[in-house]
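Chain by chain, the residues run as shown.
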Amino acid sequence: MTSALLLAADPLYAQGVDLTALLITILKVVVAFAFLLVATMLMVWFERKLVSDMQNRIGPNRAGPWGILQTLADGTKLFFKEHINPIRAERRVYVLAPFLSFVPAFLLFCIVPVSGNWANGGDGTVELFGRTTYLQLADPPVGILFALAMSSIAVYGVMLAGWSSGSKYPLLGSVRASAQMVSYEAAMGLSVMAVVLVTGTVSTHGMVASQAGDGLFHVLPNWAVFTTLLVPFVIFVIAGTAELNRPPFDLVEAEQELVAGFNTEYSSIRFALFFLAEFMNTVTMSGIFVTLFLGGPSGPAPIGPAWLWGCIWFFLKTSAFLFMFVWFRATLPRFRYDQLMDLGWKLLIPLSLGWLLMLAAVQLSGQQNWNPVAVGAGVILMFLIGWSLLRSANAKARAVHLGEEVNA
Amino acid sequence: MLAVDTPQYLPENIFFGIIAFIMVVSALRVVTTRNVVHAALWLILVLAGVAGNFILLGNEFVAVTQVLVYIGAIVVLFLFGVMLTRAPIGADAHLDNDQRPLALVVALPLLALMGYVLWDAWKDTKITEAGPPIVASTSVLSDSIFKTYLIPFEAASVLLLAALIGAIVLARRD
Amino acid sequence: MSSYLPVLVLFVLAVAFGLLSLLVSITLSPKARSQAKEAPYECGIVPGREAPERFPVKFFLVAMIFIVFDIEIIFFFPWAVVFRELGGYGLAVIGIFAALVFESFVYLIGNGALEWGPRQRQRRAEIVSPDRTLTSTIRRVGAEGRPAALEPAALAPAAHHAPGHGDHGHGDHGAAA
């Protein structure tokens with residue numbers, strides 16, 4: 001079963017790549033590209049408007065109806081702004097850094113299934129110009145690991161921008177940011193692994209397919225958020241927010257300390273590219289949340305074409321997360337750096353590791369008829385030992401830390 | 001070691017040529033550039049080329065490992081090390097030293113040896129098929145990790161332990 | 001391989017988009033260079049000191065620990081794909097592996113590798129403890145990276161006063177000096 005799901009690849013290329021397949025690919029890419037740009041633009045507006053509402057302000061309301069064109073106006077303005085080349089900057093890396101930041105942001109979107117015919121046992125394919133294909137750009141066999149790879153490349157944009165600016169605030173900001181992104185990547189990877197465990201596949205298309213049916217008691221959908229028992233979802237959302245450097249994890253641009261963080265020395269369109277990458281990543285990350293844990297575009301399709309319903313479900317689910325991101329920003333105060341590191345390393349990573357092993361034990365005990373009491377006892381024992389080890393290590397570290405301060 | 005020269009594999013051969021060229025050029029730049037950070041960036045290109053070749057060979061899992069571990073972690077560590085101590089912006093005159101002849105003496109025989117071994121092992125073998133069905137390779141890999149190479153796999157965790165102890169020793173004050 | 005075709009196309013499109021907007025912006029934007037604009041941004045103050053030369057080694061440690069966890073995740077992945085076929089054997093194998101890595105992680109935490117915070121529960125009595133002399137305080141801030149010329153001048157008073165005044169009151173003199 002596992003390998004059958006694994007073998008799922010876009011049927012578009014089943015007979016090799018001919019001209020029609022190439023043209024369909026290009027069409028899909030161009031549509032996705034335009035969609036991403038528009039979605040990013042709207043996300044910026046949505047965030048500003050919503051935060052204004054939450055803070056009892058009006059927010060942008062001049063350009064277009066409800067200020068919806070504000071981002072477009074701002075973007076256009078940035079085209080006409082001067083390019084300032086800081087005198088201490090390392091020119092080549094300075095120019096390269098924005099590209100390292102926004103190209104991975106685009107590529108990340110490749111693996112998100114946007115729609116498809118999922119209702120009533122559909123396999124998520126649609127007919128496009130006489131060809132059967134997925135409504136997602138690419139479904140590489142490495143699947144979700146592609147997303148992890150892209151987000152590990154995105155670290156370079158932040159890191160090199162700060163270093164190449166030749167100024168102290170960007171350098172401090174980028175060192176902070178890259179250490180933070182690196183820290184939360186591990187927790188992210190481990191919670192993704194929980195979804196792989198439950199759905200039995202790494203391809204994002206396969207993940208959506210295995211979440212499409214009915215779940216528990218035919219009431220709840222078969223979403224991974226339920227089948228992984230909620231914890232990996234929470235960990236992934238926290239780690240994802242930290243990976244995006246969004247509030248409450250936005251220490252990178254703590255304006256009281258670091259001006260604007262790693263992109264302080266960037267102006268004009270080069271700044272716009274960083275800004276674009278940031279918000280595009282927010283949109284894509286919401287899409288990945290939905291794909292991994294909320295069944296992607298799957299959902300009932302009462303009337304009309306099923307792919308349209310897929311789009312609608314995907315849009316609704318993604319918007320919920322976008323709203324959540326803005327809500328976080330309006331509500332939560334910023335973390336302190338040590339709190340951030342403690343949360344990532346001492347709580348999220350051990351917890352996701354233990355949860356992964358627990359899920360595997362539970363799944364296997366169902367399959368192989370192990371004694372549930374023994375499995376439960378083993379799991380509880382594992383968590384207890386892990387927790388007490390961590391606790392004593394923490395206490396010791398604190399004591400050493402204090403001693404160092406007094407006796408140094 | 002190109003794939004069979006049939007039109008079917010033409011794209012693979014073209015991409016291999018492009019990737020190989022990029023890799024050779026960037027590998028040279030790694031050692032000739034006078035800026036440590038630039039050297040690290042060229043190294044990323046070399047490693048990305050290796051990942052690309054793995055994809056061409058149909059082993060995607062190894063390719064993604066290459067990106068995640070080497071590009072995403074190890075070069076990041078290099079850059080951290082360089083940036084956190086001293087990374088002068090611009091060229092560093094002291095980066096090069098006058099041991100080129102010695103380096104040549106070491107590098108050329110190594111190149112010859114490795115080249116000979118490769119040639120000897122493969123002669124003019126051509127990669128006939130595109131390997132096993134591309135995607136099944138991950139489960140094949142899992143089988144060999146958890147059955148054939150079980151002891152090395154568990155030993156790897158001890159190696160990681162050693163690495164962490166090394167890290168602690170590095171970071172100690174005394 | 002062909003499943004990477006869209007990725008390649010999107011990559012080309014994204015790079016082209018970036019280059020094009022850069023090009024358009026360079027032609028459209030005004031050019032008025034000035035020294036003040038190109039100086040490093042310091043909130044309006046004329047830049048003085050260099051960017052810090054050294055950072056806490058903990059950042060480096062974080063990157064190092066991350067490699068370990070990255071490798072662990074990479075090993076978990078093939079297991080997660082076939083864990084149903086491997087059954088209890090696979091769980092035991094990966095459990096031992098995870099336990100070993102976790103144990104080294106605990107060792108790391110116990111050694112304070114991941115302590116970032118300000119010293120908590122620190123009372124005033126500890127801050128002015130007799131152990132804290134001017135010499136030790138300066139060393140803690142990090143005299144290692146500074147030019148050597150500064151050190152004798154800064155340290156001289158403490159070094160000269162200390163033997164004469166006995167053990168009590170180091171801290172006070174240090175502060176006065």
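Structural data are supplied above this passage.
Below you will find a few notes about this structure. (Residues numbered from 1 in each chain as written. Chains lettered and ligands numbered in written order. Predicted model: local features only at pLDDT ≥ 70, side-chain atom pairs only at ≥ 80, totals over all residues.)

The secondary structure content of chain C amounts to seven helices and zero strands. Seen in sequence order, chain C has helices and strands lined up from the N terminus as α-α-α-α-α-α-α. Per-residue burial over chain C gives 29% buried out of 177 residues. Partitioning the intrachain contacts of chain C with sequence separation of at least 6 by distance along the chain shows that 51% fall at a separation of at least 24. (Helix = DSSP H or I, 4+ residues; strand = E, 2+ residues; numbered from the N terminus. Buried ≥ 20, exposed ≤ 12 C-beta atoms within 10 Å, placed from the backbone. Contact = placed C-beta atoms within 7 Å.)

Here we take up the interface of chain A and chain C. For an interface, size is often stated in terms of accessible area lost upon the parts coming together. Tallying the contact residues gives 82 residues for chain A and 68 residues for chain C. Going through the elements one at a time, helix H1 (2-6), helix H2 (19-54), helix H4 (91-108), helix H6 (168-199), helix H11 (268-293), helix H13 (337-368) and helix H14 (372-407) of chain A are the ones with two or more residues in the side of chain A that touches chain C. If you tally residues by element for the side of chain A that touches chain C, the top one is H6(A), at 14 residues. Tallied by class, the residues present in the side of chain A that touches chain C amount to 53 nonpolar, 16 polar and 13 charged. (Nonpolar A, V, L, I, M, F, W, Y, C, P; charged D, E, K, R; others polar.)

Attention now moves to the packing of helix H3 (residues 70-79) of chain A against H11(A). Residue and element names in this part refer to chain A. Close contact between H3 and H11 brings their axes to 7 Å; oriented N to C, the two are set at 145°. Where H3 approaches H11, its residues Gly 75, Leu 78 and Phe 79 are matched on the opposing element by Ser 268, Ile 269, Phe 271 and Ala 272. Taken together, the residues of the contact of H3 with H11 break down into five nonpolar, two polar and no charged. (Axes fitted to C-alpha atoms, helices over the stretch in contact; angles between N-to-C directions.)

Attention now moves to the interface of chain B and chain C. Of the residues lining the interface, 33 residues belong to chain B; the matching set on chain C comes to 35 residues. Within the residue set of the side of chain B that touches chain C, elements represented by two or more residues are helix H2 (36-56), helix H3 (60-85), helix H5 (137-148) and helix H6 (150-171) of chain B. Residue composition of the side of chain B that touches chain C, grouped by class: 23 nonpolar, eight polar and two charged.

Right, let's get into the pairing of strand E2 (residues 131-134) of chain A. Residue and element names in this part refer to chain A. Here four bridges tie strand E1 (residues 125-128) to E2, and the two strands are oriented antiparallel to one another. Pairing of Leu 128 across the sheet is with Arg 131, part of E2. Here E1 hands over to E2 after two residues, with Phe 129 in that stretch at a positive phi of 50°. (Pairing = 2+ DSSP bridges.)

By size, the foremost hydrophobic cluster in this structure holds 193 residues, and its most contacted members are Met193(A), Leu197(A), Phe289(A), Leu356(A) and Ile65(C). For this core, the element with the highest residue contribution is helix H3 (residues 57-110) of chain C, accounting for 29 residues. Here Ile65(C) is in contact with Leu164(B), Ala167(B) and Leu108(C), once residues within four sequence places are set aside. (Core = buried A, V, L, I, M, F, W, Y, C linked by C-beta atoms within 7 Å.)

So, about the environment of Ala21(A). Residue and element names in this part refer to chain A. Examined against the element boundaries, Ala 21 turns out to sit in helix H2. Accessibility expressed as a C-beta count within 10 Å gives 20 for Ala 21, which makes it buried. Ala 21 sits 108 residues away from Phe 129 along the chain, and the two C-alpha atoms are 9.6 Å apart. In this view, Ala 21 contacts Leu 12, Tyr 13 and Arg 131; residues no more than four positions away in its chain are not counted.

Bringing the packing of H2(A) against helix H1 (residues 5-28) of chain C into the picture now. Remark: H2(A) packs on H1(C), axes separated minimally by 10 Å, with the N-to-C direction vectors making an angle of 50°. When the interaxial angle is binned, H2(A) and H1(C) end up oblique. For the element pair H2(A) and H1(C), the recorded crossing hand is right-handed. For the pair H2(A) and H1(C), the contacting residues are Thr25(A), Ile26(A), Lys28(A), Val29(A) and Phe33(A) in the first and Leu5(C), Pro6(C), Val9(C), Leu10(C) and Leu13(C) in the second. By residue class, the composition of the contact of H2(A) with H1(C) is eight nonpolar, one polar and one charged. (Parallel < 35°, antiparallel > 145°, perpendicular 65-115°, else oblique. Left-handed = near helix turned anticlockwise from the far one by under 90°.)

These results come straight from atomic positions and should not be treated as a statement about function.
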